[in-house]
Amino acid sequence: MKVHIDEHKCVASGQCVLVAPDVFDQRDEDGVAVLLDDSPTPDKAGQIQEAVVICPGAAIRLDRA
Amino acid sequence: MRRVVVVGASAAGLATAAALRQQGFGGLITMIGDEPHLPYDRPPLSKQVLTGQWDAERLLLRPESDLKAMNLDLRLGVSATAVDRTARTVTLAHGGTVPYDALVIATGVRPRLLPGGHGRPGVHVLRTREDALALRDRLGDGRRLVIIGGGFLGTEVAAAARQRGADVTIVESGAEPLARIIGRAAGRFITGIHRDRGVRILTGLKAETFDTADGAVTGVRLDDGRTLPADDVLVATGSVPNTDWLRGSGLDIDDGLLCDAHGRCAPGIHAAGDVARWFNPLFGRAIRVEHRTSASEQGIAVARDLLTPATPQPAAPVPYFWTDQYEVKVQSHGYLPGHEESAVLDGDLAEGRALIGYRRGRHLTGVLAIGMPAKDVRPWRAAVARRTEWAAVTSAPTPAR
Ligand SMILES: Cc1cc2nc3c(=O)[nH]c(=O)nc-3n(C[C@H](O)[C@H](O)[C@H](O)COP(=O)(O)OP(=O)(O)OC[C@H]3O[C@@H](n4cnc5c(N)ncnc54)[C@H](O)[C@@H]3O)c2cc1C
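Residues numbered from 1 in each chain as written. Chains lettered and ligands numbered in written order. Predicted model: local features only at pLDDT ≥ 70, side-chain atom pairs only at ≥ 80, totals over all residues. Heavy atoms only, no water.

A.B. asks: I keep staring at the pattern of salt bridges and nothing clicks. Help me out?
C.D. replies: Pairing is possible between side chains that carry opposite charge, provided their charged atoms lie close to one another. Inspection of the entire model under this criterion finds 36 salt bridges over all chains. Between glutamate 7 of chain A and arginine 27 of chain A there is a salt bridge, with the nearest N and O atoms lying 3.3 Å from each other. Of this pair, glutamate 7 of chain A sits in the loop between β1 (2-5) and α1 (15-19) while arginine 27 of chain A sits in the loop between β2 (24-26) and β3 (33-35), and the two are 20 residues apart along the sequence. Taking the relative accessible area as the measure of exposure, glutamate 7 of chain A reaches 43% and is therefore partly exposed. For arginine 127 of chain B, the salt bridge is made with aspartate 274 of chain B, and the minimal N-O distance between the two is 3.0 Å. One end of the pair, arginine 127 of chain B, is in the loop between β9 (123-124) and α4 (129-138); the other, aspartate 274 of chain B, is in the loop between β20 (269-271) and β21 (276-280), with 147 residues separating them in the sequence. (Salt bridge = Lys/Arg side-chain N within 4 Å of Asp/Glu carboxyl O. Helix = DSSP H or I, 4+ residues; strand = E, 2+ residues; numbered from the N terminus. Buried < 20%, exposed > 50% of the residue type's maximum accessible area, 1.4 Å probe, protein only.)

Here is the structure:
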């Protein structure tokens, strides 16, 4: 499982951190989302999928492969 | 439940469909949308699209491959014209009906128009991809743009148009752009940024009619008798929920579809997004919120309620929005309209970074952050969610992390 963030689309809302705090964080300087773990374990899939849907910038993608 | 029909193929509708699949729904999902495009995102329309940084292809909410994987019965370019609650069917514009076990209404809002002028060359609204591309192609050095309405949309367009070199005037009927929602002080601060960038701002004035020549707009006439010459006019005076197609259905559509805290508006019918007025226990009343994040949150909550109706989880979400004004990021958690008091709780507007709190009754009901580090704003969301007493935040400003 691979998670991708499109930094240009990210609006720094931090919504991903609220639903998946072990996977996402925000950069100190501009709030843009960063990955704490770009290949998370399958038990995180549910949270990450929720982050994909909740992200107001449509900036997160999850590759199941 | 075998068949879910979602009307409206945008942020809220797609979030509902995606969440249904994620939560394991294997039945049929029919999504009906009147726009001819794959679901796309609107916030960039007044930002990266107008400035020319993004082309329309970047607007897709999900890559086409994701949509395929969701296995949707996607009906695009088709509008729903009625619902029959007894037969449990939705009627389509070109005839034909679609039966549902569960119906989700996510038809959003449309711009409020000014009488006379719409449809003429040079008169614009901004809601769709077509609207944004049409306005984008008209902006440029020295082109005169008059924006009627100094809300978030009007001010964002002003910022983008100035970046394109246009000559921009905002006409606001209130005392200060944005003030009705975010208060005078914050409104004045953001207005100041626009004035510094050369935007002309006229307040306490209403646009009355359009001047035209050969059918095209040439100016806007104001209620003080003045005429503002214009090559283009954007009408940004608010929006109207898309509920006309539900007239006669017996649903409560007074300012959007009234829903309980689960998004239910009637047996078998939920609503989500800009069109929905959800009861929010946090604020003790039903509120209609036109924010991008609410569309997703409500879509997810509706999917959950559809799949596990026996164990309802009432949602009490803290609304969130952001707006970009030039390089200044503004973020808000909570519900600001109708606030009774506001105060700077952190930072200082004079230094260009501040966190403003809003009170209604005895509680902190919202915050607005201007130019603050995004990470420092998030703890305030929890403070709003906890219904923190106003007295507590005004005496000890920074909430514990
Ligand atoms: C220019 C612009 C900038 C914005 N910027 C921000 C921002 O910075 N921050 C923020 O928080 N929010 C912003 N928003 C608001 C955000 O885009 C909305 O909250 C969000 O789009 C709501 O999604 P929705 O799915 O509820 O409604 P919509 O996006 O309006 O989608 C509803 C869809 O249903 C379709 N439809 C309507 N009637 C029918 C019918 N009878 N049959 C079939 N289909 C129908 C509509 O055509 C539309 O495609 C912005 C909006 C705009 C327009």
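A.B. asks: Looking at this structure, I do not really get the packing of aromatic side chains. What am I missing?
C.D. replies: Between two aromatic rings, the relevant description is the distance of the centres plus the angle of the planes. Residues and elements named next belong to chain B. Using the criterion set out here, one finds 2 aromatic pairs over all chains in the structure. Where phenylalanine 283 meets tyrosine 335, the ring centres are 5.9 Å apart and the plane angle is 50°; that geometry is what we call tilted. Here tyrosine 335 lies in the loop between β24 (328-334) and β25 (341-348) and phenylalanine 283 lies in the loop between β21 and β22 (285-288), a separation of 52 residues in the sequence. The class of tyrosine 335 is buried, set by a relative accessible area of 16%. A cation over a ring is seen here: arginine 58 above tryptophan 54, with NZ or CZ 4.5 Å from the ring centre. Here the basic side chain of arginine 197 rests over the ring of tyrosine 326, its NZ or CZ set 4.6 Å away from the ring centre. (Phe/Tyr/Trp six-rings, centres within 6.5 Å; stacked < 30°, edge-to-face > 60°. Lys NZ or Arg CZ within 6 Å of the ring centre and 35° of its normal.)

A.B. asks: Which parts of the structure should I look at to understand the site of the ligand?
C.D. replies: All names here are of chain B. Near the ligand you find 34 residues, and of these Asp34, Glu35, Arg42, Lys47 and Asp274 are the closest. In the environment of the ligand, a nitrogen atom lies 2.9 Å from a nitrogen or oxygen atom belonging to the backbone of alanine 80. One nitrogen or oxygen atom from the main chain of tryptophan 322 is found 3.0 Å from an oxygen atom belonging to the ligand. Protein chains shield 92% of the accessible area of the ligand, which is 1000 Å² for the free molecule. Those elements that place two or more of their residues in the shell around the ligand are α1 (11-22), β2 (28-33), α5 (152-163), α8 (292-307) and β23 (320-325). Per-class residue counts for the shell around the ligand are 15 nonpolar, 10 polar and 9 charged. Looking at which domains feed residues into the shell around the ligand, each of domain 1 (3-110 + 240-307) and domain 2 (113-237) gives three or more. (Near = heavy atom within 4 Å. Polar contact = N/O pair within 3.5 Å; in protein donor to acceptor, adjacent residues only side chain to side chain. Areas by Shrake-Rupley, 256 points an atom, 1.4 Å probe, with all protein chains shown as cover. Nonpolar A, V, L, I, M, F, W, Y, C, P; charged D, E, K, R; others polar. Domains from an automatic or database assignment.)

A.B. asks: Help me out: how do you make sense of the nonpolar core in this one?
C.D. replies: Grouped burial of nonpolar side chains is what soluble globular proteins tend to show. Residue and element names in this part refer to chain B. Of all hydrophobic cores here, the largest spans 56 residues; its most connected members are Val90, Leu103 and Ile105. In terms of residue count, the dominant contributor to this core is α1 (8 residues). Not counting chain neighbours up to four residues away, the residues in contact with isoleucine 105 comprise Val7, Trp245, Leu246, Leu251, Leu257, Ile269, His270, Ala271, Ala272 and Val275. One finds Ala56, Leu145, Ala166 and Leu349 within the second-largest nonpolar core, a separate group that totals 42 residues. (Core = buried A, V, L, I, M, F, W, Y, C linked by side-chain atoms within 4.5 Å. Contact = heavy atoms within 4.5 Å.)

A.B. asks: Teacher, can you tell me more about helix α9 (residues 374-385) of chain B here?
C.D. replies: Along an α-helix, a turn takes 3.6 residues, which lines up residues three or four apart on a common side. Between the first and last C-alpha of α9 of chain B there are 18 Å, a value that for 12 residues agrees with the 16 Å anticipated at 1.5 Å per step. Positive backbone phi, at 55°, marks arginine 387 of chain B, one or two positions downstream of α9 of chain B. (Expected span 1.5 Å × (residues − 1).)

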